[in-house]
Amino acid sequence: MTNSILINKKIKDYNKKINVSSDKSISIRWALIASQAIGKSKASNLLISEDVLSTLNCLKKLGIKVNLNKKKKICEIFGNGINGFNYKKNIILNANNSGTLARLICGLLVKSKNNIKIIGDKSLSRRDFSRVIDPLNKFGVNFYPKFKKKLPLIIKGTEFLRPIEFVEKIGSAQVKSLLIFAGMNAPGTTIIHAKKSRDHTEKFLKHLKIPIKITKKNSYDIIKISETKKIDPIDYKIPGDISSAAFFIVLTILSKNSKLLIKNVLTNPTRSGILTILKKMGAKIILKNKRLYKGEEISDIFIKSCNSLKSINCSEKYNANAIDEFLIIFLVAAKAKGCSYFKNLSELNKKESPRLDMATKILKMMGVKLYRNKDSIKIYGNPNLTLDKTYEVKNFHNDHRVFMMSVIAGLCYGGKWKVHNKNSIKTSFPEFINLTKKLGAIYN
Ligand code: S3P
């Protein structure tokens, strides 16, 4: 079977209702936290994607019983309590493509008596791990080889864990979360001054009545987490992923005369920066049926096509809340009237691929006028943008979001596209291509 996709027709107008794949951040967090509870936790509508399956496999290697029904998307995890892992010597945990798994799980291994090797695929092995090593060293945890800052690495925990006070300056939810996990294991109280980022871990733990206190400041949160003795099991019905919905939101905005309702999406404000940005650009997006579920906001998202988009000078305060969505936002900027400016996006080049570089390459190939420097990009939009040439997208480090951005570009703007590495969608959004077909996309 070929691993590329050919597009040579724009999508026609549609008026549909869809569900997107379940939230990846929540699915991974549910599994990791359930592994620390005492007893059986159950998830329904779990995301069945490679990143989540890697998470379940790592937990199994750590001696956790996992029952998964892939077809029904139901999973049961039988936790043995905090640090209740029970594993053989010299095990290897393979996080494959998942940065969230590789980093968060380290927070749960801070008391490991034996060496545990953590490995990942080529893309993950390029990514920075000093953001994990440095704070965990302060807790007393060791990583080997010393001075190595990328996977593969060996983690060795300690019985003499000390609580720390740490300033998390990146705005990384992965770093914040692993510190919270480590803090649950350490005696006393760990204090994290965390630059704002998605707050699912905090919401999970608050819901479970774990001793966590959060004081919200303007751009930082002060998080105090005390040693945790017991976690109750947690059942969770996982909502849709806004990072997956994002591709369909933009497909609808950029297509003609279309309407779309995306049901049951997690719209936590620390995740939905894309909605704020697109609304500021003139997009017609309405959140319907808003409700709270275990502290998380869930909504149905209604979107209409828009043919009068405005440019944006995007405040960096939205960066963390839209960090996985910038590729697809750039496609909207390409059609907006005027020059859009996105800045201080150094984190974007540290994802599954160097995404700012990838976006620059693809937009240039599309003939979009832009100005790029190290961490920022100015995109000069053209409201009449249509494409009629041949475009090939390859060598993008197998990055699922680069693949999906390219497909959406072809479906909205036209031209003949060949996009390689279709299998990349299996990490986060295996239903992506089928859903575009449901809306009328035709591939050769
Ligand atoms: C994630 C946090 C973000 C995001 C990633 C998922 C999470 O990474 O890019 O896709 O679930 O915590 P950073 O925390 O490194 O910004």
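Source: prediction; values computed, not measured.

For the protein, the count of helices and strands is twelve helices and 23 strands. Taking 444 residues into account, the globule formula puts the C-alpha radius of gyration at 22 Å, and the protein, at 22 Å, falls close to it. Seen through its principal axes, the protein has C-alpha atoms that stretch 65 × 45 × 40 Å. For the protein, buried positions account for 58% of its 444 residues. For the protein, the share of sequence-separated contacts (at least 6 apart) that also reach a separation of at least 24 residues comes to 76%. In the form shown here, the protein has an accessible surface area of approximately 18200 Å², with 50% of it arising from carbon and sulfur atoms. Averaging the positions of the 83 positive and the 32 negative side-chain charges in the protein gives two centres separated by 3 Å.

The next subject is the nonpolar core. Membership of the largest hydrophobic core comes to 83 residues, with the highest contact counts inside it found for Phe248, Phe330, Phe342, Met366 and Phe432. The residues contacting Phe330, other than those within four sequence positions of it, are Phe342, Leu345, Leu348, Leu356, Ala359, Leu363, Ile377 and Ile379.

This structure, assessed with the given rule, holds ten aromatic pairs. Directly above the ring of Phe78 sits Lys65, whose terminal nitrogen or CZ lies 4.3 Å from the centroid. Between the NZ or CZ atom of Lys369 and the centre of the ring of Tyr380, over which it lies, the distance is 4.5 Å.

In this section: the domain arrangement of the protein. It is common to report an interface's size as the accessible area lost on association of the parts. The assigned domain composition of the protein is domain 1 (4–22 + 239–438) and domain 2 (24–188). Counting residues at the interface gives 21 residues for domain 1, matched by 19 residues for domain 2. Across the domain 1/domain 2 interface, buried area totals approximately 1600 Å², and carbon plus sulfur atoms make up 44% of it. Contact with domain 2 buries area across many residues of domain 1, yet Ser22, Glu352 and Thr427 alone supply 35% of it, more than any other trio. The tally of links between domain 1 and domain 2 comes to three salt bridges. With a closest N to O distance of 3.2 Å, Glu431 and Lys73 form a salt bridge. Counting across the domain 1 and domain 2 interface gives ten residue pairs in polar contact (both at pLDDT 80 or more).

In the region of the ligand, the neighbouring residues are Ser25, Arg29, Thr100, Arg131, Ser172, Ala173, Gln174, Arg198, Ile323, Asp324 and Lys351. The contact in question runs from an oxygen atom of the ligand to an N or O atom on the side chain of Asp324, over 2.7 Å. Between the ligand and Lys351, the relevant distance is 2.7 Å, taken from an oxygen atom to a side-chain nitrogen or oxygen of the residue. Secondary-structure elements contributing two or more residues to the shell around the ligand are helix 1 (24–34) and helix 5 (173–185). Here the residues of the shell around the ligand sort into two nonpolar, four polar and five charged. Three or more residues apiece are contributed to the shell around the ligand by two domains, here domain 1 (4–22 + 239–438) and domain 2 (24–188).

So, on to the pairing of strand 11 (residues 189–195). A regular strand places its side chains so that they alternate between the two faces of the sheet. Two strands pair when backbone bridges link them, and strand 10 (residues 165–168) and strand 11 are joined in this way by four bridges, in the parallel orientation. Bridge pairing links Glu165 to Ile191 in strand 11. As a crossover connection, the stretch from strand 10 through helix 5 into strand 11 is right-handed. In terms of strand pairing, strand 11 meets strand 13 (residues 220–226) through seven bridges, oriented antiparallel. Looking at strand 13, one finds that Ile192 is bridged to Ile223.

About the cut-offs
Residues numbered from 1 in each chain as written. Predicted model: local features only at pLDDT ≥ 70, side-chain atom pairs only at ≥ 80, totals over all residues. Heavy atoms only, no water. Helix = DSSP H or I, 4+ residues; strand = E, 2+ residues; numbered from the N terminus. Rg over C-alpha atoms; globule rule 2.2 N^0.38 Å. Buried < 20%, exposed > 50% of the residue type's maximum accessible area, 1.4 Å probe, protein only. Contact = heavy atoms within 4.5 Å. Areas by Shrake-Rupley, 256 points an atom, 1.4 Å probe, with all protein chains shown as cover. Lys, Arg positive; Asp, Glu negative; His and termini not counted. Charge placed at Lys NZ, Arg CZ, Asp CG, Glu CD. Core = buried A, V, L, I, M, F, W, Y, C linked by side-chain atoms within 4.5 Å. Phe/Tyr/Trp six-rings, centres within 6.5 Å; stacked < 30°, edge-to-face > 60°. Lys NZ or Arg CZ within 6 Å of the ring centre and 35° of its normal. Domains from an automatic or database assignment. Buried area = accessible area lost by both parts, 1.4 Å probe. Salt bridge = Lys/Arg side-chain N within 4 Å of Asp/Glu carboxyl O. Polar contact = N/O pair within 3.5 Å; in protein donor to acceptor, adjacent residues only side chain to side chain. Near = heavy atom within 4 Å. Nonpolar A, V, L, I, M, F, W, Y, C, P; charged D, E, K, R; others polar. Pairing = 2+ DSSP bridges. Right-handed = clockwise from strand over helix to strand, strands pointing away.

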